[in-house]
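What follows is the residue order along each chain.
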Amino acid sequence: MFAACLESLGMTLCFSGSLLVMIACGLPTWKVNAFVEGNIVVAQSVWDGLWMSCVVQSTGHMQCKIHDSVLALSKDLQMARALTVISAVLGVVGLAVTVAGAQCTNCIKDETVKKRVVYLGGIIYILSGFFVLVPISWIANNIIVEFYDSSVSPAQKKEIGASIYIGWAATALLLCGGTLLCCSYSKAARGSFPLKLAPTKTLAVSGEFDKKHYV
C-alpha cells in the first residue's frame, strides 16, 4: 500500500513536471526586455523564445514571428531547443513506462518485473529533469552576465522570462517525482515481509474439534 502511494504521488509530480516542460518550451518568454535607466517608458517590449519572437505594443497588440532558421539563433537558444524537446519526449516515454509497471495496472503480471519497470520510469524522469535544467540555467546565467556587463547598451539588456521560472519548477517536480518512483522500488516500501497465519483447528473423525486444541 505504501509503495502504491509513492507511485501515485511520483507519477502525479512527474506528469505535472512534464506538462510544465512543454509549456515552457512553447512560450516565447525566455528572454524579455529589461527596462533600465532611460527605458522605463517604452512603446513596445520584445520577447524571445525557442520558436518565435514577439513584439508587444503598449496598447496590448502583439505580433509574433517564427524563427526562420535554427542557425540564426544564439547558441544557448539552439541548445535549449534541442534539450527541452528531448526532455519533453523523455517525459512521455517515462509516463508510458511507469504506467505499464504501476501496481494499479495489469500490463505486466510478474511483480519483480513491475518493480524494475517502475524504477526505470523513475530514472527516465530524473534524466528528463536534468535535460531541462541544463538549458534554462545556462540561459539564465547568460542573461545575468549580460545584464551587469557595462559594455552592453541598456536597450539590448534582457531579463529572465517566465519560461525560465516555469522550467525550474518543472525540474523540481521531475526530480522529486522520479526519486519517489525509485524509492517505491525498495523492499521497505513494498513491504515484502512474510505473512504468518494462525493455525486452524482440525475436526476429529466424529465431527467434533480435536481435544488437543483445548487446555
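Please refer to the structure higher up on the page.
Let me sum up the structure you'll find in this document. This one's a predicted model, so the numbers in the text were calculated from it and none came from an experiment. (Residues numbered from 1 in each chain as written. Predicted model: local features only at pLDDT ≥ 70, side-chain atom pairs only at ≥ 80, totals over all residues. Heavy atoms only, no water.)

Here we come to the overall build of the protein chain. In terms of helices and strands, the protein chain carries five helices and five strands. Each helix (α) and strand (β) of the protein chain, taken in turn from the N terminus, gives the series α-β-β-β-β-α-α-β-α-α. In the protein chain, which comprises 215 residues, the share counted as buried stands at 36%. Considering only contacts within the protein chain whose residues lie at least 6 apart along the sequence, 65% involve residues at least 24 apart. Just so you have it, the protein chain exposes about 12800 Å², and 68% of that area is on carbon and sulfur atoms. (Helix = DSSP H or I, 4+ residues; strand = E, 2+ residues; numbered from the N terminus. Buried < 20%, exposed > 50% of the residue type's maximum accessible area, 1.4 Å probe, protein only. Contact = heavy atoms within 4.5 Å. Areas by Shrake-Rupley, 256 points an atom, 1.4 Å probe, with all protein chains shown as cover.)

For any pair of aromatic rings, geometry is given as the distance between the ring centres together with the angle between the planes. One pass over the full model with this rule turns up two aromatic pairs. Judged by centre distance (5.3 Å) and plane angle (80°), the ring pair of Phe-147 and Tyr-148 falls under edge-to-face. Judged by relative accessible area, which is 23%, Phe-147 ranks as partly exposed. Tyr-148 gets classed as exposed once you look at its relative accessible area, which sits at 66%. In this structure, Lys-157 packs its charged tip against the face of Phe-147, placed 5.6 Å from the ring centre. (Phe/Tyr/Trp six-rings, centres within 6.5 Å; stacked < 30°, edge-to-face > 60°. Lys NZ or Arg CZ within 6 Å of the ring centre and 35° of its normal.)

The next thing to look at is the pairing of strand 3 (residues 52-57). When strand 2 (residues 44-48) meets strand 3, the two strands line up antiparallel, connected through five bridges. Bridging from a neighbouring strand, Trp-47 pairs with Cys-54 of strand 3. Linkage of strand 2 to strand 3, two consecutive antiparallel strands, is achieved through a turn of three residues. As paired elements, strand 3 and strand 4 (residues 62-66) share five bridges and run antiparallel to each other. Across the sheet, residue Cys-54 finds its bridge partner in strand 4, namely Cys-64. Taken together, strand 3 and the strand that follows it, strand 4, pair antiparallel across an intervening segment of four residues, in which Gly-60 is found at a positive phi of about 100°. (Pairing = 2+ DSSP bridges.)

The end-to-end C-alpha distance of helix 4 (residues 162-183) is 32 Å, a good match for the 32 Å that 22 residues give at a rise of 1.5 Å each. Looking at the buried side of helix 4, the elements it contacts are helix 1 (2-26), helix 2 (75-101), helix 3 (111-147) and strand 5 (158-160). (Expected span 1.5 Å × (residues − 1).)

This part covers the pattern of salt bridges. The tally for this structure, following the rule as stated, stands at three salt bridges. For Lys-31, the salt bridge identified is with Asp-76, shortest N-O distance 3.2 Å. Taken together, the positions of Lys-31 in strand 1 (residues 31-33) and Asp-76 in helix 2 put the pair 45 residues apart, joining distant regions of the chain. Residue Asp-76 is classed as buried on the basis of its relative accessible area of 6%. A salt bridge links Asp-48 to Lys-158; the nearest nitrogen and oxygen atoms lie 3.5 Å apart. Placement of Asp-48 in strand 2 and of Lys-158 in strand 5 is noted, with a sequence separation of 110 residues between them. A residue is classified by how much of its surface remains accessible, and Lys-158, at 16% relative accessible area, is buried. (Salt bridge = Lys/Arg side-chain N within 4 Å of Asp/Glu carboxyl O.)

Looking now at the side chain of Asn-33. Checked against the element boundaries, Asn-33 lands in strand 1. With relative accessibility at 17%, the residue Asn-33 sits in the buried group. Among the polar contacts made by the side chain of Asn-33, one reaches the side chain of Lys-158 at a distance of 3.3 Å. Excluding anything up to four places from it in sequence, Asn-33 contacts Ser-45, Val-46, Lys-157, Lys-158 and Glu-159. (Polar contact = N/O pair within 3.5 Å; in protein donor to acceptor, adjacent residues only side chain to side chain.)

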